[in-house]
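# Understanding the architecture of this molecule
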Amino acid sequence: MSMIIAAAIVAAAGIIAVAYVIPEGSSKPAENPSGVRLLASNLEERIASSVKVMSLTGLAPEVRNTDSLSLVSTAQMGIPQDADVAKRQVAKNIISTYGDDVASIFFLTPEGNIYIGEPFEQQKQLPRLNYSDRDWYQGVSATNDAYVSSVFMSAAIHEPAVAVAVPVYGQEGTEKESAIGYWVAIINLDEIEKGLRQLEGGSRIIFADHNGTEIADSARDPSTTRTDLRSLSNLESVKAALAGKTGSLVEVVDGKTMKVSYAPVKAHPHTWAVVSMQPAG
């Protein structure tokens, strides 16, 4: 393992370590916006850690190499399993260290074709080679900067996910040169939701992305499989949080009148929302 990779793993240890904690004696989040702001801060730290590990490992020589580019094929939706094993090992190291959050790692060509995917089982079962239509590809290629995507149905893990994508430059690359590819982590949302369910206080807590799509909901039955995306963009609390506001209001959610607190979440380069609610009265 190179020094860059080792440094990234140490520096981004917060991916797993960050927990959603409301200090003892604090008001319930639905009763006090300060509790929701703390939840927002916790999620921001988690996102920042994911960006950091992908950005730092993207500087590793093993990642900044595409010598097997000619082997990309639809036969295995990328390069063969025994090709560019050094880059595959970097991906495996990230997954083995942060597997609760990071479900898979991909490297894509500048055109959006899959170069490698780990685990390889996820790569070879992909339905297509090119993913240039994905929000995360369009975001990272347009900005040439780290990009946190909206929620999408992942073709790799077959459930809702968020991607963290960073540009990768060649061995002599600088930010002024074109990227040789994109280094992408597929983030499993189950662990985020699990952390919300473990909070005490009885509040229902929901995270939503910059489009108002549900990321996690503490009230969701964990035994059920998420097969579609749920929009919360009609909620006034979500609209306010996405506009950068923090506060409280009363509104109807799923047919029930709820007291809701809300706060924005910085998710580079977007703003997400966290809302916490309890029955009004």
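Residues numbered from 1 in each chain as written. Predicted model: local features only at pLDDT ≥ 70, side-chain atom pairs only at ≥ 80, totals over all residues. Heavy atoms only, no water.

### What about helix α4 (residues 85-98)?
As a reminder, the rule being used: The secondary structure listing takes helices from DSSP runs of H or I that are at least 4 residues long and strands from runs of E that are at least 2 residues long, numbered from the N terminus. In this analysis, the expected span of each helix is defined as 1.5 Å times one less than the number of residues it contains. Here the term buried applies to any residue with accessible area under 20% of the maximum for its type, exposed to any over 50%, and partly exposed to those in between, with areas from a 1.4 Å probe on protein chains only.
With 14 residues, α4 extends 20 Å from end C-alpha to end C-alpha; this agrees with the ideal 20 Å at 1.5 Å per step. Inspection of α4 places Lys87, Arg88, Val90, Ala91, Asn93, Ile94, Ile95 and Tyr98 among the buried residues, and these make up the whole buried set.

### Some thoughts on the sheet that holds strand β7 (residues 204-208)
Here is the rule: What makes two strands pair is DSSP finding at least two bridges between them. To obtain an axis, a line is fitted to C-alpha atoms, over the contacting stretch when the element is a helix, and the angle between two such axes runs from 0 to 180 degrees between their N-to-C directions. What makes two residues a contact is simply this: any of their non-hydrogen atoms within 4.5 Å.
Pairing in this open sheet of 5 strands is antiparallel, and the strands run β8-β7-β11-β10-β9 from one edge to the other. Strands with a single pairing partner mark the edges of an open sheet, and in this sheet they are β8 (214-217) and β9 (247-253). Between one strand and the next, the sheet's axes are offset by a mean angle of 30°, whatever the strand orientation. In this structure, strand β10 (residues 256-267) lies alongside strand β11 (residues 270-279), joined through 10 bridges in antiparallel fashion. Among the inter-strand pairings, Ala267 is bridged to a residue of β11, identified as His270. Running at roughly 40° to β8, helix α7 (residues 190-197) makes contact with β7 and β8 of the sheet.

### Observations concerning the packing of aromatic side chains
The geometry of an aromatic ring pair is captured by two quantities: the separation of the ring centres and the angle between the planes. Under the convention used in this document: Whether two aromatic rings pair depends on their centres lying within 6.5 Å, for rings of Phe, Tyr and Trp, where Trp uses its six-membered ring; planes under 30 degrees apart make the pair stacked, over 60 edge-to-face, and the rest tilted. Only when the NZ atom of a Lys or the CZ atom of an Arg is both within 6 Å of the ring centre and within 35 degrees of the ring normal do we say a charge sits over the ring.
One pass over the full model with this rule turns up 3 aromatic pairs. Centroid distance Phe107 to Trp183: 6.3 Å. Interplanar angle 55°. Geometry classified as tilted. Here Phe107, found in strand β1 (residues 102-108), pairs with Trp183, found in strand β6 (residues 181-188); they are 76 residues apart in sequence, far enough to count as distant. A ring pair is formed by Tyr137 and Tyr182, whose centres lie 5.6 Å apart and whose planes are at 90°; its orientation type is edge-to-face. Remark: Tyr182 occurs in strand β6 and Tyr137 occurs in helix α6 (residues 135-143); sequence separation between them is 45 residues. Here Tyr137 matches Tyr182 in class, with each residue buried. Chaining the aromatic ring pairs together yields one cluster made of Phe107, Tyr115 and Trp183. Across from the ring centre of Phe107, 5.0 Å away, lies the NZ or CZ of Lys87, which sits over that ring.

### What to know about the environment of Ser203
Our working definition: The term polar contact refers here to a pair of N or O atoms within 3.5 Å; inside protein, the definition further demands a hydrogen-donor-capable atom paired with an acceptor-capable atom, and it admits residues adjacent in sequence only when both atoms are side-chain atoms.
One can find Ser203 in the loop between α7 and β7. Taking the C-alpha atoms as reference points, Ser203 and Ser218, separated by 15 residues in sequence, lie 8.5 Å from one another. Of the polar contacts made by the side chain of Ser203, one reaches the side chain of Gln278; its length is 3.4 Å.

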